[in-house]
Amino acid sequence: MSQAEAANEPVSPENPKPEENTAEKKKLGVTTWIFIGLLSGIIVGLLFNLLVPSDTPLFTVIVNDIFYIVGKGFIRLMQMLVAPLVFCSIVCGAAAIGDGKMLGKVGGATIGLYLLTTIIAITIALIISQFVNPGIGLDLGSIAGQQVSTAESTSIVDTLLNIIPTNIFSSLSEGSMLQIIFFALLLGVILGHLGERVNVVNSFFQQFNVIMMRMVTLVLKVAPIGVFCLIANTFASLGLSALVPLGKFIGGTYLGLLFQLCVVYMGLLALFAHLNPIRFLKKFLPVMAFAFSTSSSNATIPLNMETLERKVGVDPKIASFTIPLGATINMDGTAIMQGVAVVFAAQAFGIDLGISGYLMVIVTATLASIGTAGVPGVGTIMLTMVFQSVGLPVEGISLIMGVDRIVDMGRTAINITGDAVVTTVVARANHMLDRRVFDADEPDAVLTDDAIEEAEVVKLHVQEASGETPAKF
Ligand code: ASP
């Protein structure tokens, strides 16, 4: 997902464009503005809630008209992106995987484990959310601006059969996500296999993907205003009662991330690789810190590879293939956020998803994780697809968007740890892990300045390229 990195990486005080590095005036990045939009939306909304009675013309014009129309317009912009973005990014991703050259025993096992850990991650998120109840106490039905429809409850057999489109054009126009993904995966794999012979079509999708990511960047530019209006509308209608659920959403997500790290990843290392998970974690912590601060799996690739090779002892032949692949298709942290978000919204809108709804969430969140670019914020855009697949109103995403960066930092750290753990397990199983390196108590020496510098350069390049990079997701 290299294009995306470029397109979506906001310029922020911590990530200035190189030429602006020295400028005294620091430009605030999109994520900072979204956060400002959230906070000011909460304040303005609460002021309206407390000071302006809801039956006055002022309330009607500002809250019910202006905030509603702008907020709704922003939601429509997000929805507009989903079908073409998902279609294109999955075609490109599958084409990259499907070329067969890199695959083989190692590739198959790695992809299998990537998928398995993502399915476990989303399942954990759904279970934890049942205890945290992030959306209980919040009634979003009134701000949806439409009648909240109950999620369709179709049988599991029908759900599975519905994955196969009968007409891909109607799937695209109706936004049937699983059908779009099914077709896109097939198309991508075939493109990958045909290779050179279908160069034109391949480049068409790659370039279209770059264009879509540029569109994402544009939409994200107006996100602060959209978020402000949506949040102000919510808080004007609901008052203080909306704050606690938001805290529970963040808390629930971090609980899921912690579980994935401490139980799933550490368990995989101990049981399947017979390695000391604490030793692994000590060596790997700087990489997690880097991912946490950049919120970008892509920017973390060089540091991740370097650490695995020099500190953990993984054969470079494996890491150099599996880590970039993982940064592209394996997003366990993102899947956890999406699981908690689904329960948050379902509870807040009073929608019962039922077992088949949750199964659908597991499938779509796993696929969304494959289609999520390793750059800040894309996980939340892909959340639209998960919501749509089970009939949840996408208005619920607006609240989540305001606190997205806080959650993005944690989920990115887990995303890249998942890549590293799977790589280590696969390397160990294939006798491609140097135990002496893993057991060595070397200090920071292995994390060379070169590795850190290289990671920084990639980060800057990613921001600079802004869409010109041939993209994957
Ligand atoms: N920031 C995440 C990553 O780079 C993707 C996301 O969930 O938005 O891994």
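Residues numbered from 1 in each chain as written. Predicted model: local features only at pLDDT ≥ 70, side-chain atom pairs only at ≥ 80, totals over all residues. Heavy atoms only, no water.

A few points about the overall build of the chain
Just so we agree on the cut-off: Secondary structure is summarised from DSSP: a helix means a run of H or I of at least four residues, a strand means a run of E of at least two, and numbering begins at the N terminus for each. Throughout this description, buried means an accessible area under 20% of the type-specific maximum (1.4 Å probe, protein chains only), exposed means over 50%, and partly exposed covers the range between. Note on contacts: a residue pair is in contact if any heavy atoms of the two residues lie within 4.5 Å.
Secondary structure summary: the chain contains 19 helices and 0 strands in total. Considering the chain as a whole, with its 473 residues, one finds that 56% of them fall into the buried category. Of the contacts formed within the chain by residues at least 6 apart in sequence, a portion of 84% connects residues at least 24 apart.

Regarding the site of the ligand
Convention followed: Proximity is defined per residue: any heavy atom of the residue falling within 4 Å of a molecule or strand makes that residue near it. As used in this structure description, the phrase polar contact means that two N or O atoms lie within 3.5 Å; if the pair is within protein, one of them must be able to donate a hydrogen and the other to accept it, and residues adjacent in sequence are counted only when both atoms belong to side chains. Reported accessibility uses the Shrake-Rupley method at a 1.4 Å probe radius. Residues are deemed covered only where the shown protein chains occlude them. By the convention adopted, Pro, Cys, Tyr, Trp, Phe, Met, Ile, Leu, Val and Ala count as nonpolar, Lys, Arg, Asp and Glu as charged, and the other residues, Gly among them, as polar.
Near the ligand you find 17 residues, and of these Ser-297, Thr-334, Gly-379, Asp-408 and Arg-411 are the closest. Measuring from an oxygen atom of the ligand, one finds a side-chain N or O atom of Asn-415 at 2.9 Å. Contact with the protein chains removes 100% of the 270 Å² of surface that the ligand exposes when unbound. Those elements that provide at least two residues to the shell around the ligand are helix H15 (378-389) and helix H17 (404-429). Here the shell around the ligand takes 4 residues from H17, the largest share from any one element. A per-class count over the shell around the ligand returns 5 nonpolar, 10 polar and 2 charged.

Brief notes about H15
Let me state the cut-off plainly: Here the expected span of a helix is defined as 1.5 Å times the quantity of residues minus one.
The end-to-end C-alpha distance of H15, which contains 12 residues, comes to 18 Å, matching closely the 16 Å that a straight helix rising 1.5 Å per residue would cover. Counting buried positions along H15 gives 11 out of 12 residues, so the element sits mostly inside the fold. Every buried residue of H15 is accounted for by Val-378, Gly-379, Thr-380, Ile-381, Met-382, Leu-383, Thr-384, Met-385, Val-386, Phe-387 and Ser-389. Immediately downstream of H15, the backbone of Gly-391 shows phi near 75 degrees, a positive value.

Thoughts on the environment of Gly-71
By the secondary structure assignment, Gly-71 is in helix H3 (residues 57-97). Through-space distance from the C-alpha of Gly-71 to that of Leu-230 is 4.8 Å; in sequence the pair is 159 residues apart. With residues near it in sequence (within four places) discarded, Gly-71 still touches Gly-226, Cys-229 and Leu-230.

Details of the packing of helix H13 (residues 332-348) against H17
In a packed pair of helices, the relevant descriptors are the angle between the two axes and the axis-to-axis distance. Selection rule: Between the N-to-C directions of two axes lies an angle of 0 to 180 degrees, each axis being a line fitted to C-alpha atoms and, for a helix, fitted only over the stretch in contact. Put simply, angles under 35 degrees are roughly parallel, angles over 145 are roughly antiparallel, angles from 65 to 115 are roughly perpendicular, and the rest are oblique.
Across the interface, H13 lies against H17 with an axial gap of 6 Å and an inter-helix angle of 135 degrees. By the criterion of interaxial angle, the relationship of H13 to H17 is oblique. Note on element contacts: H17 touches H13 through Val-407, Arg-411, Ile-414, Asn-415 and Gly-418, opposite Asp-332, Gly-333, Thr-334 and Met-337. Each residue belonging to the contact of H13 with H17 can be placed in one class, and the counts come to 3 nonpolar, 4 polar and 2 charged.

Examining the packing of aromatic side chains
Our working definition: Each aromatic pair joins two rings of Phe, Tyr and Trp (for Trp, the six-membered one) with centres within 6.5 Å, and gets the label stacked for planes under 30 degrees apart, edge-to-face for over 60, and tilted for any other angle. Criterion for a charge above a ring: Arg CZ or Lys NZ at most 6 Å from the ring centre, at most 35 degrees from the ring normal.
All chains considered together, the criterion is met by 9 aromatic pairs. Pairing Phe-87 with Phe-183 gives two aromatic rings, centres 6.3 Å apart and planes at 20 degrees, and the pair type is stacked. Of the two residues, Phe-87 sits in helix H3 while Phe-183 sits in helix H7 (residues 177-194), which places them 96 residues apart along the sequence. Relative to Phe-208, the ring of Phe-204 lies with its centre 5.8 Å away and its plane at 15 degrees, an arrangement referred to as stacked. Here Phe-204 pairs with Phe-208, and both are found in helix H8 (residues 199-238), just 4 residues apart, close to one helical turn. Assessed through its relative accessible area of 47%, Phe-204 is described here as partly exposed. Each residue in the set Phe-87, Phe-183, Phe-204, Phe-205 and Phe-208 is aromatic and connected to the rest through ring pairs, giving one cluster. In this structure, Lys-283 packs its charged tip against the face of Phe-438, placed 5.8 Å from the ring centre.

Description of the packing of helix H9 (residues 243-272) against helix H10 (residues 277-294)
What counts, and what does not: In this scheme the crossing of two helices becomes right-handed for a clockwise turn of the near helix relative to the far one and left-handed for an anticlockwise turn of less than a right angle.
With their axes 11 Å apart at the nearest point, H9 and H10 run at an angle of 140 degrees to one another. Taken as axis vectors, H9 and H10 run oblique relative to one another. Between H9 and H10 lies a crossing whose hand is right-handed. Taken together, the residues of H10 that come into contact with H9 (itself represented by Tyr-254, Leu-261, Met-266, Leu-269 and Ala-270) are Pro-277, Phe-280, Leu-281, Met-288 and Phe-292. In terms of residue class, the contact of H9 with H10 is made up of 10 nonpolar, no polar and no charged.

Side note on the side chain of Ser-295
Assignment of secondary structure puts Ser-295 in the loop between H10 and helix H11 (297-312). The contact partners of Ser-295, leaving out residues within four places of it in the chain, are Val-375, Pro-376, Arg-405, Asp-408, Met-409 and Thr-412.

Points about the nonpolar core
Soluble globular proteins: nonpolar side chains tend toward being buried together. Here is the rule we go by: Nonpolar cores were defined as sets of buried Ala, Val, Leu, Ile, Met, Phe, Trp, Tyr and Cys residues, with membership established by side-chain atoms within 4.5 Å.
Membership of the largest hydrophobic core comes to 115 residues, with the highest contact counts inside it found for Phe-249, Phe-280, Phe-387 and Leu-392. Core analysis: the next-biggest nonpolar cluster, separate from the first, contains 11 residues, Cys-88, Cys-92, Ile-180 and Phe-205 among them.

Remarks on the side chain of Thr-110
Along the chain, Thr-110 turns up in helix H4 (residues 105-132). Not counting residues up to four positions away in its chain, the partners in contact with Thr-110 are Thr-322, Val-422 and Val-426.

Describing a nonpolar patch on the surface
The following threshold applies: Residues enter patches when their relative accessible area tops 30% and they take part in no salt bridge; the joining distance is 9 Å for like charges and 5 Å for the nonpolar side chains Val, Leu, Ile, Met, Phe, Trp and Tyr. In the sections that follow, a salt bridge refers to a side-chain nitrogen of Lys or Arg positioned within 4 Å of a carboxyl oxygen of Asp or Glu.
Taken together, the side chains of Leu-161, Ile-164, Phe-182, Leu-186, Ile-190 and Leu-194 define a hydrophobic patch exposed on the protein surface, amounting to about 520 Å² of accessible area. For the nonpolar patch, the element with the highest residue contribution is H7, accounting for 4 residues. With respect to the helices and strands, the residue Ile-190 is situated in helix H7.

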